[in-house]
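Below are the chains, spelled out letter by letter.
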Amino acid sequence: MTPLEQKDAPHRRWNPLLREWVLVSPHRTQRPWQGQVATPAAAPRVEYDPECYLCPGNARAGGSRNPAYAGTYVFNNDYPALLPDAPPFEIDQNGLIVARGERGICRVVCFSPRHDLTIPRMQPEDVRAVIDVWAEQYRELGAIPWVQHVQIFENRGALMGASNPHPHCQIWASSSIPNLPQRELDSFDGYQKEHQSCLLCDYLREESKQKERIVCENDHFMALVPFWAVWPFEILILSKRHLGSLLDFTTHEKLAFADILRRTTIRYDNLFETAFPYSMGLHQRPSGTREVRNWHFHAHFYPPLLRSATVQKFMVGYELLASPQRDITSEDAANRLATQSEIHYLDQK
Ligand SMILES: [Zn+2]
Ligand SMILES: [Zn+2]
Ligand SMILES: [Zn+2]
């Protein structure tokens, strides 16, 4: 069998970041679909919505009112999952009933005053302004002595549980490093120890050679469907330099990051001509006083759509009980995304 034919047979792929396997079943992509069909939420078409609690000047739940902001706008979440003054405690009963107090700060960032303007349709300099806010927030929250991790993430679309269509993201700073960043940190450290090099610097070099999974790139970033992707159109954005966080970015790199975010999300929207839902998150070096040299800056996009704007991938059955599984290969997904236009479909008509 040639490597290509091998990839058409059921196989497992190794995720070196999370150190787990994903099952790939490319022969199944022709199976008929009789499952649930989702109704995609229509993208908002108004610049201002008097009912929206994120639009400028509007009242929020809890009694606060937004200022008449003209650019980005950051505020403390009115219903935070974490509290800064949560009391410290520790429970350990025979190593089985174990709990610890957790402190944190939850904020919301509105990308712009426009209710209808998502990243793929924002001007590059306005996306750059959002990146500047992310950098400031990462610096400010990370400087708090008890903060160990700052997670910046965007849930886009009702399918991902976003409660409001106004383009915004969330920032959760916490007093411990959460599960997934901790597993990645262990992988970076383990790989460094074994190979005396960086896991993602080496992976980037491999992908540049193979050129099978690249979606788009510029001088400073590459967007690709990782070899071990679980979600059908999952994307990993990697910085080409070994950077730990947004604080290491040059001005050029911030502009280039805005460029790659726009080009990635335009392709997503164009794929099924819909406001493509996803969870996106930045994975930056953990905060705190510890020197972490092995971390390599990256962003994950996890979109739930499978084969159209209405057919969604579910993580159920085998995936809940055994292992993640996908049908369409990363190579096919990358090719479909790479060949999309870089002009947003709403701007083409
Ligand atoms: Zn709004
Ligand atoms: Zn690196
Ligand atoms: Zn990551």
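Computed from a predicted model, the values in this text were never measured in an experiment.

Draft legend 1. Fine view of the coordination of the zinc ion (ligand 1). Taken together, the protein donors to the zinc ion (ligand 1) comprise C52 (SG), C55 (SG), H115 (ND1) and H166 (ND1), at separations of 1.9 to 2.3 Å. Coordination at the zinc ion (ligand 1) is tetrahedral: its four donor atoms span angles of 104 to 115° at the metal. Spacing between the donor residues of the zinc ion (ligand 1) along the chain follows C-x2-C-x59-H-x50-H. A residue pair is termed long-range when its members are at least 10 positions apart, and H115 in the loop between strand 6 (104-110) and helix 2 (124-142) and H166 in the loop between strand 7 (149-156) and strand 8 (168-174) qualify at 51 residues. Of the residues examined, H115 reaches a relative accessible area of 3% and is grouped as buried.

Draft legend 2. Quick peek at the packing of helix 3 (residues 179-195) against helix 4 (residues 199-210). Remark: helix 3 packs on helix 4, axes separated minimally by 9 Å, with the N-to-C direction vectors making an angle of 80°. One finds that helix 3 runs roughly perpendicular with respect to helix 4. Here helix 3 contributes S187, F188 and Y191 to the contact with helix 4, which in turn contributes L199, L200 and D202.

Draft legend 3. Quick look at the nonpolar core. The biggest cluster of nonpolar side chains holds 54 residues, and the ones touching the most others in it are W134, I237 and F257. Residue contacts for F257: discarding those within four places in its chain leaves I131, W134, F221, I237, L246, F249, L282, F297 and A299. Among the nonpolar cores identified, the runner-up in size contains 21 residues, and L200, L224, V230 and W295 belong to it.

Draft legend 4. Seen up close, the environment of Q284. In this structure, Q284 sits in the loop between strand 12 (278-283) and strand 13 (298-302). With 40 residues separating them in the primary sequence, Q284 and G244 have C-alpha atoms 6.0 Å apart. When sequence neighbours within four positions are dropped, the list of residues in contact with Q284 reads Y138, H149, I152, G244, S245, L246, W295 and F297. Here L246 takes part through its backbone nitrogen, which lies 2.8 Å from a polar atom of the side chain of Q284.

Draft legend 5. Examining the sheet that holds strand 8 more closely. Taken together, the nine strands give an open sheet; going across it, the order is 3-6-8-7-12-13-11-10-9, and neighbouring strands pair in antiparallel fashion. Every interior strand has two partners, whereas the edge strands, strand 3 (73-76) and strand 9 (214-217), have only one. Strand-to-strand twist in this sheet, taken as the mean axis angle between neighbours without regard to direction, amounts to 20°. As defined by bridge partners, strand 10 (residues 221-224) adjoins strand 11 (residues 235-239) across four bridges and the pair is classed as antiparallel. Its bridge partner lying in strand 11, F221 is registered against S239. Contacts between helix 7 (residues 330-338) and the sheet are confined to strand 9 and strand 11, with strand 9 contributing the most and set at about 40° to the helix.

The rules behind each value
- For every chain, the first residue of the written sequence is number 1, and numbering continues from 1 along that sequence.
- Labels are handed out in written order, letters beginning with A for the chains and numbers beginning with 1 for the ligands.
- Totals for whole chains, interfaces and linings use all residues, but because this is a predicted model, local features are given only for residues with pLDDT of at least 70 and pairs of side-chain atoms are given and counted only at 80 or more.
- As a rule here, side-chain values come from all non-hydrogen atoms in the structure, and water together with hydrogens is ignored.
- Coordinating donors are taken as N, O and S atoms within 2.8 Å of the metal, stretched to 3.2 Å for Na, K and Ca; because water is absent from the atoms, sites can appear incomplete.
- Irregular is the label for any site that misses the other tests, which are tetrahedral for four donors with all angles between 85 and 135 degrees, and square planar for four donors or octahedral for six when opposite donors exceed 155 degrees and the remaining angles lie between 65 and 115.
- Here a helix means four or more residues in a row that DSSP labels H or I, a strand means two or more in a row labelled E, and each is numbered from the N terminus.
- Burial status follows relative accessibility: with a 1.4 Å probe on protein chains alone, a residue under 20% of its type maximum counts as buried, one over 50% as exposed, and anything between as partly exposed.
- Only the contacting stretch of a helix is used when fitting its axis, a line to C-alpha atoms as for every element, and angles between N-to-C directions run 0 to 180 degrees.
- We call two directions roughly parallel when the angle between them is under 35 degrees, roughly antiparallel when it is over 145, roughly perpendicular when it lies between 65 and 115, and oblique otherwise.
- Should any heavy atoms of two residues lie within 4.5 Å, those residues are counted as being in contact.
- The criterion is simple. A nonpolar core is a set of buried Ala, Val, Leu, Ile, Met, Phe, Trp, Tyr and Cys residues joined through side-chain atoms within 4.5 Å.
- Within 3.5 Å is the distance limit for a polar contact, defined as a pair of N or O atoms, with the added protein rule that one can donate a hydrogen and the other accept it, and that residues adjacent in sequence qualify only through two side-chain atoms.
- Strand pairing is assigned whenever DSSP identifies at least 2 bridges connecting the two strands.

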